[in-house]
Structures are given as C-alpha cells and as structure tokens.
Amino acid sequence: MIATEASISGIDETRKEYYDYLSSIYGEIATYLKIQDGAVNAQKLELMFEKTASPFVYWNESRTRNEARQSISDEKRMSLLKALAAKYKLKISEDKFLITSRLETEEFKRLSENMKLAGYRYDSKDRAFVRDVK
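The rules behind each value
Residues numbered from 1 in each chain as written. Predicted model: local features only at pLDDT ≥ 70, side-chain atom pairs only at ≥ 80, totals over all residues. Heavy atoms only, no water. Pairing = 2+ DSSP bridges. Helix = DSSP H or I, 4+ residues; strand = E, 2+ residues; numbered from the N terminus. Axes fitted to C-alpha atoms, helices over the stretch in contact; angles between N-to-C directions. Contact = heavy atoms within 4.5 Å. Expected span 1.5 Å × (residues − 1). Buried < 20%, exposed > 50% of the residue type's maximum accessible area, 1.4 Å probe, protein only. Arc of directions from axis to C-beta.

Visitor: For this particular structure, what's the right way to read the sheet that holds strand β3 (residues 120–123)?
Guide: The strands that make up a sheet are held in pairs by hydrogen bonds between backbone atoms, and each pair lies either parallel or antiparallel. Here four strands make up an open sheet; going across it, the order is β1-β2-β4-β3 and the pairing antiparallel. Of all the strands in the sheet, just β1 (90–93) and β3 have a single pairing partner and so form its edges. Strand-to-strand, the axes of this sheet are offset by a mean angle of 30 degrees, without reference to chain direction. Here four bridges tie β3 to strand β4 (residues 128–131), and the two strands are oriented antiparallel to one another. Across the sheet, the residue bridging to D123 is A128, located in β4. Contacts from helix α6 (residues 105–117) reach β1, β2 (96–99), β3 and β4, with the element oriented near 15 degrees to β4.

As structure tokens, this is what we get:
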C-alpha cells in the first residue's frame with residue numbers, strides 16, 4: 001500500500017509502518033518455512049508469526065526509543081554519560097561502564113534506560129554497559 005492510499009483509507013503513518021513491519025516478518029517466515037520444510041504449513045506459519053511479531057505498543061516504544069537515541073547529539077550523549085558515571089559511580093574501562101556499587105532494582109532500571117539513550121546496553125556476561133552497535 002502506498003502512502004497516499006494509506007492516508008485515503010484513514011491509516012496514519014505510524015500504523016502503516018507497523019503494518020509494513022508485520023508484512024515483512026510474515027514474508028520472512030513464509031520464505032524460511034518454504035526453504036526449510038519445502039512447503040509452508042499455515043499453522044506453523046501462524047504460530048511462528050505470533051511468537052515473532054511485536055505487538056504494536058512494544059514495537060512503537062522500541063521505535064520511539066531508537067529515534068530518541070539517534071537524535072541525541074554527541075555532545076549531549078557525552079554529557080549524559082559523564083553525569084551517569086558520576087551519579088552511579090561507574091568505572092570507565094575501554095568502552096565499557098562498570099557498576100562499582102550495588103543498585104536497587106528501580107535504580108538499575110533508571111540507569112539502564114538512561115544508558116540506552118546514550119547508546120549503551122547492559123551486558124550480563126561483561127557485567128557492564130557496553131556500546132550498543134545496532
């Protein structure tokens with residue numbers, strides 16, 4: 001569906017992007033099943049689609065977070081990282097931020113969300129925030 005058709009039918013741009021996302025996942029799974037199994041089993045396709053596709057609310061939140069992360073300037077990102085490192089006593093090692101003190105669950109969640117804005121994710125194996133290369 002092209003954008004003009006979407007606007008005529010009353011579908012807003014965000015919903016159109018979501019439907020395009022769903023359509024691409026559906027197509028990927030159908031192609032995979034055809035290659036893997038030699039045919040597309042409708043029940044298996046439906047099950048895999050339901051397990052794979054994100055509901056609109058989560059998809060939109062993820063999209064919004066990614067847009068916010070991309071829109072933050074390098075200067076603001078560095079300022080945010082310095083402030084977080086000072087507030088939570090993070091140790092900077094290479095391109096990692098190590099937690100040096102115990103944090104309560106809510107504190108860790110706040111730190112994690114702010115680090116995501118700055119382009120970092122928590123890696124439990126490294127026990128540190130590492131650069132998110134998505």
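Read on, since the account is not over.
Visitor: What should I look at first to understand helix α5 (residues 74–87) in this one?
Guide: Residues three or four positions apart in an α-helix share a direction because the helix packs 3.6 residues into each turn. Between the first and last C-alpha of α5 there are 20 Å, a value that for 14 residues agrees with the 20 Å anticipated at 1.5 Å per step. Within the sequence span of α5, burial applies to R77, L81, L84 and A85. Burial along α5 is one-sided: seen end-on, the buried residues are contained in an arc of 100 degrees. Turned more than 90 degrees away from the buried face of α5 sit E75, K76, K82, A86 and K87, all of them exposed. Contacts from the buried residues of α5 go to β1, β2, α6, β3 and β4. Downstream of α5 by a residue or two, K89 has a phi angle that is positive, lying close to 55 degrees.

Without other data, these values stay purely geometric and don't point to any function.
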